[in-house]
Structure formats: structure tokens, C-alpha cells
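# Residue-level structure breakdown
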Amino acid sequence: MNQEKMRLLFVCLGNICRSPSAEAVMKKKIRDAGLADRIEVDSAGIANYHEGERADPRMRAHAARRGYCLESISRPMRPWDFRAFDLIIGMDDRNIDDLKRIAPDVDSEKKICRMMDFSRDKLYDYVPDPYYSGAEGFELVLDLLEEACDGLLAYCRKSLK
Ligand code: 4NP
């Protein structure tokens, strides 16, 4: 690919738990790698139930304990996101199916990928929805994202010039 810049969009259902966490985890890894001017990150939801809201307070609290500040405001996916971003990264298979359904064309569809496809230990193949879970569900989200984002960063490095 050899791109000057990469733009990543993380997508989950509500854009208040998993994708805002992926955004924060990935941004930290990008900053630590000195690639903040080369890789842009954003997040969005399939649904608009929580549009305009900050991330779920439970998710924010668990993330804060690991040093992440979740700053994103929930917004639904827009059709033009498929043009604005290079990778559209869904958290589970339902997200992937929904993204495929709303992708405006074949080129857009090719940008859709699964978060856990970037995982190296492959313990999970999706990031489970923590919304109706207890504390362990939120911790699992962060464990999975921290591990998979290493693989995603390695992929980005290969794709950048
Ligand atoms: P997320 O979690 O997709 O990781 O942001 C959810 C947030 C809200 C709902 C479901 C999942 N909800 O049904 O409102």
C-alpha cells in the first residue's frame, strides 16, 4: 500500500464502550511509537442510540485505571466515512454484517475488517459487547484491545511509506 498517512475508524454498536476504548488504546500506542502525524484514529457506532453522549461511565472508569482517557462523543457511522477512512474496523461479526450492509460500493466494502483479525494470540475472534456485563466484561474489552492494537500498529507500519 505504501501510504503517506493512514486513517482508522473503529466501529461498534453504540460507540460508547468498545470503539471509544479502541480509539484511546490505539492513540496511545501511536503516540508512543512517534506516529501521531501519520495515523489518524476516530470511532463511530452502527446505531445512534447514544449520539452526543460521552463514553459509558463504567467503560471510562475501567479505562482510566489503565491510564486511558476516553474523550470521544458518540456518533453514528456516516456513508462518507467509507471514503474518509482507509480501514473500517468492526468489533464483532454483527458490526461487520451491518457495515457490509451500509457500505456504498465495493471499494468501501474492501475496507471493512475485524478488530481481532489483528490479534496475534487469537484467544478471541471478536470483542464481546460489555454493555450488559459486569466489571470483568469491561476488563476483557481492554485486554483484547491492548493486545490486538499491537498487531494493528504493526500492520500500519508496513502500510506506511
Ligand atoms: P458498544 O456497547 O457497542 O461497545 O458501545 C453498547 C452500548 C450500548 C448498547 C449496546 C452495546 N445499547 O444497547 O444501548
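These numbers were taken from a predicted model, which means no experiment stands behind them. (Residues numbered from 1 in each chain as written. Predicted model: local features only at pLDDT ≥ 70, side-chain atom pairs only at ≥ 80, totals over all residues. Heavy atoms only, no water.)

When its secondary structure is counted, the chain shows six helices and four strands. Reading the chain from its N terminus to its C terminus gives the helix and strand order β-α-β-α-α-β-α-α-β-α. Since a compact globule built from 161 residues should have a radius of gyration of about 15 Å, the 14 Å found for the chain is in line with a globular shape. Judged by the C-alpha coordinates and their principal axes, the chain covers about 40 × 35 × 30 Å. (Helix = DSSP H or I, 4+ residues; strand = E, 2+ residues; numbered from the N terminus. Rg over C-alpha atoms; globule rule 2.2 N^0.38 Å.)

Looking at the ligand, the residues that line it are C12, L13, G14, N15, I16, C17, R18, Y49, H50, D129 and Y131. Between the ligand and C17, the relevant distance is 2.9 Å, taken from an oxygen atom to a main-chain nitrogen or oxygen of the residue. One nitrogen or oxygen atom from the side chain of D129 is found 3.5 Å from an oxygen atom belonging to the ligand. Protein burial of the ligand: of its 360 Å² of free accessible surface, 92% is covered by the chains. Residues of the shell around the ligand, tallied by class, amount to six nonpolar, three polar and two charged. (Near = heavy atom within 4 Å. Polar contact = N/O pair within 3.5 Å; in protein donor to acceptor, adjacent residues only side chain to side chain. Areas by Shrake-Rupley, 256 points an atom, 1.4 Å probe, with all protein chains shown as cover. Nonpolar A, V, L, I, M, F, W, Y, C, P; charged D, E, K, R; others polar.)

Taken as a whole and judged by the stated rule, the model has two aromatic pairs. With a centroid separation of 5.5 Å and an interplanar angle of 65°, the aromatic rings of F118 and Y155 are classed as edge-to-face. Within this pair, whereas F118 is found in the loop between strand 4 (112-114) and helix 6 (135-159), its partner Y155 is found in helix 6, the two being separated by 37 residues in sequence. Ring geometry for Y131 versus Y132: centroids 5.0 Å apart, planes at 85°, classification edge-to-face. By relative accessible area, which is 77% here, Y132 ends up exposed. (Phe/Tyr/Trp six-rings, centres within 6.5 Å; stacked < 30°, edge-to-face > 60°. Buried < 20%, exposed > 50% of the residue type's maximum accessible area, 1.4 Å probe, protein only.)

With that settled, consider the nonpolar core. One finds L8, F10, M26, I39, M115 and L152 to be the most contacted residues of the largest nonpolar core, which totals 38 residues. Every element with two or more residues in this core is listed here: strand 1 (6-12), helix 1 (18-32), strand 2 (39-45), helix 2 (57-65), strand 3 (87-90) and helix 6. Looking at this core, the element that brings in the most residues is helix 6, giving 10 residues. Once residues lying within four places of it in the same chain are set aside, the contact partners of L8 are M26, I39, E40, V41, D42, F85, L87, I89, L152 and C156. Counting residues in hydrophobic clusters, the runner-up holds 14 residues, among them A44, I88, I96 and L99. (Core = buried A, V, L, I, M, F, W, Y, C linked by side-chain atoms within 4.5 Å. Contact = heavy atoms within 4.5 Å.)

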